[in-house]
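Summary of structural features
Each chain is listed here by its residues.
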Amino acid sequence: MSEALTLYAWEVSYFGGKLRSYLRHKGIPYTEVRPTIFDYYFKLKRRTGVAAIPVVVLPEGAWLQDTSEIIDFLEHRYPQRAVIPATPVQRFSAYLLEMWGDEFWIPTGLHTRWCHMEENYAFLEQDMAENLLPGWPRWLQDKASAKVAQHMADFLTSTGVVPEQFELLHRWTVQQLDWLDAHFATSPYLLGDRPSLGDFGLMGPLYGHLSRDPWPAQHLIKPRPHLKAWIERMNERGRDMGEYQPGDTIPDTLLPLLSRLLTDMLSYLEGNLEQLRQFMLVHPGADSWPRFIGSTEFSMLDGRYSRPAMPYVLWMYQRMMAVFRASADDERDAVRQWLREQAVERLLDLDVPKLKRKGLCAVLDR
Ligand SMILES: N[C@@H](CCC(=O)N[C@@H](CS)C(=O)NCC(=O)O)C(=O)O
């Protein structure tokens with residue numbers, strides 16, 4: 001039996017970028033397969049219950065979907081070069097930063113790709129055509145690319161990427177990128193000399209979308225050399241590394257970003273929870289919930305951003321909180337104290353009903 005995993009992912013994929021860089025960092029042997037259109041809509045769906053990538057097939061034959069669960073699983077199986085910090089505040093921050101990369105950056109990833117079609121489309125079409133229908137006539141390949149492109153572009157409104165919000169979203173993106181570039185000028189990774197779960201979360205938007213699509217690569221990444229170097233570093237295999245910053249501290253250069261993120265994340269999670277509660281009141285016995293519910297508004301820098309709520313985000317929150325709750329008393333106190341200092345202690349006390357993941361959605365865990 002081969003010891004290598006199989007990774008189903010495209011180079012253009014957001015979450016593929018997260019998982020690929022994780023596998024390389026860990027030195028886990030894997031073979032990458034670019035799913036055809038038939039794999040994507042039929043084979044992967046049959047095996048995992050949902051048409052989504054990335055998917056990992058283990059040497060013994062199990063099929064896994066969802067990068068967070070895949071990383072949790074692989075961290076147990078391959079404990080070397082662990083990506084979860086051992087100390088409480090850094091560990092909590094790593095989960096938080098993962099959620100930030102996975103969820104907060106999706107509007108940016110969509111906006112910088114699909115709202116700059118003139119610069120990006122030929123590149124995307126070329127990139128996808130050969131993968132989707134290898135060896136087929138080019139006109140059919142282009143049709144397949146257009147179908148998948150439409151599927152992804154349909155998420156613009158579901159993530160609030162609408163003209164009224166372009167300006168705020170762009171401002172948010174530029175601010176995050178500036179903070180990151182300044183941080184990576186003196187620190188190789190988010191939490192010091194070693195990458196954590198948070199770095200891999202951020203690789204989703206930054207590699208798959210922003211560093212490769214022509215418009216953001218030229219206008220957003222090229223002018224920020226330290227950020228660009230981090231993206232390259234994150235894709236290296238088994239690179240030498242040091243440790244997280246000593247004393248369970250957060251690098252000073254990350255603090256402006258993290259403190260804003262904490263405020264916006266709390267507002268976002270509370271908004272999602274409010275929508276979910278309303279939905280559950282109206283549909284008390286529902287066994288399956290939609291992926292997007294109503295509309296929620298939350299703080300984003302100095303503005304307010306609105307997008308439909310996603311129960312999945314609350315599942316991500318619950319996952320972070322399960323790790324927090326399983327920590328020792330003094331570790332929980334340290335995290336609480338740190339959040340209290342940032343005036344976001346409430347982040348630890350959201351009353352989220354018990355959820356379980358179902359593909360790209362979450363449902364009540366009865
Ligand atoms: N939270 C999931 C997200 C996976 C995901 O959204 N994958 C995208 C491609 S990068 C996809 O296939 N989306 C299909 C869809 O949203 O319908 C993970 O961590 O794996």
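Computed from a predicted model, the values in this text were never measured in an experiment.

What counts, and where the lines are drawn
- Residues numbered from 1 in each chain as written.
- Predicted model: local features only at pLDDT ≥ 70, side-chain atom pairs only at ≥ 80, totals over all residues.
- Heavy atoms only, no water.
- Phe/Tyr/Trp six-rings, centres within 6.5 Å; stacked < 30°, edge-to-face > 60°.
- Helix = DSSP H or I, 4+ residues; strand = E, 2+ residues; numbered from the N terminus.
- Buried < 20%, exposed > 50% of the residue type's maximum accessible area, 1.4 Å probe, protein only.
- UniProt positions renumbered as here; feature names shortened; annotations may be inferred.
- Near = heavy atom within 4 Å.
- Polar contact = N/O pair within 3.5 Å; in protein donor to acceptor, adjacent residues only side chain to side chain.
- Nonpolar A, V, L, I, M, F, W, Y, C, P; charged D, E, K, R; others polar.
- Contact = heavy atoms within 4.5 Å.
- Pairing = 2+ DSSP bridges.
- Axes fitted to C-alpha atoms, helices over the stretch in contact; angles between N-to-C directions.

Evaluated as defined, the whole model comprises 18 aromatic pairs. A centroid spacing of 5.6 Å and a plane angle of 25 degrees characterise the contact between Y8 and W63, whose relative ring orientation is stacked. Placement of Y8 in strand 1 (residues 5–8) and of W63 in strand 4 (residues 63–65) is noted, with a sequence separation of 55 residues between them. Here Y8 matches W63 in class, with each residue buried. Ring centres of Y14 and F15 lie 4.8 Å apart, and the angle between their planes is 40 degrees; this geometry places the pair in the tilted category.

Under the feature "domain: GST C-terminal" (unreviewed entry), the UniProt entry names residues 87–255. Counted over residues 87–255, helix gives 70% and strand 0%. Its end C-alpha atoms are 18 Å apart.

Before going further, it helps to examine the site of the ligand. In the region of the ligand, 14 residues are neighbours, and Y40, I53, T67, H151 and Y312 sit closest. In the environment of the ligand, a nitrogen atom lies 3.4 Å from a nitrogen or oxygen atom belonging to the side chain of D66. In the environment of the ligand, a nitrogen atom lies 2.9 Å from a nitrogen or oxygen atom belonging to the side chain of Y312. The residue makeup of the shell around the ligand, split by class, is 9 nonpolar, 3 polar and 2 charged.

Positionally, L23 belongs in helix 1 (residues 14–26). Judged by its relative accessible area of 1%, L23 is buried. L23 sits 331 residues away from K354 along the chain, and the two C-alpha atoms are 30 Å apart. With near-sequence residues (within four places) excluded, L23 lies in contact with L5, L7, I28, Y30 and L74.

Strand order across the open sheet formed by 4 strands is 2-1-3-4, with mixed pairing between neighbours. Of all strands in the sheet, those with a lone pairing partner are strand 2 (30–33) and strand 4, marking the two edges. The mean angle between the axes of side-by-side strands here comes to 25 degrees, regardless of whether they run parallel or antiparallel. Across 3 bridges, strand 1 lies against strand 3 (residues 55–57) in antiparallel orientation. Directly across from T6, in strand 3, lies its bridge partner V57. Packing of helix 3 (residues 67–77) onto the sheet brings it into contact with strand 1, strand 3 and strand 4, and relative to strand 4 it is tilted by some 125 degrees.

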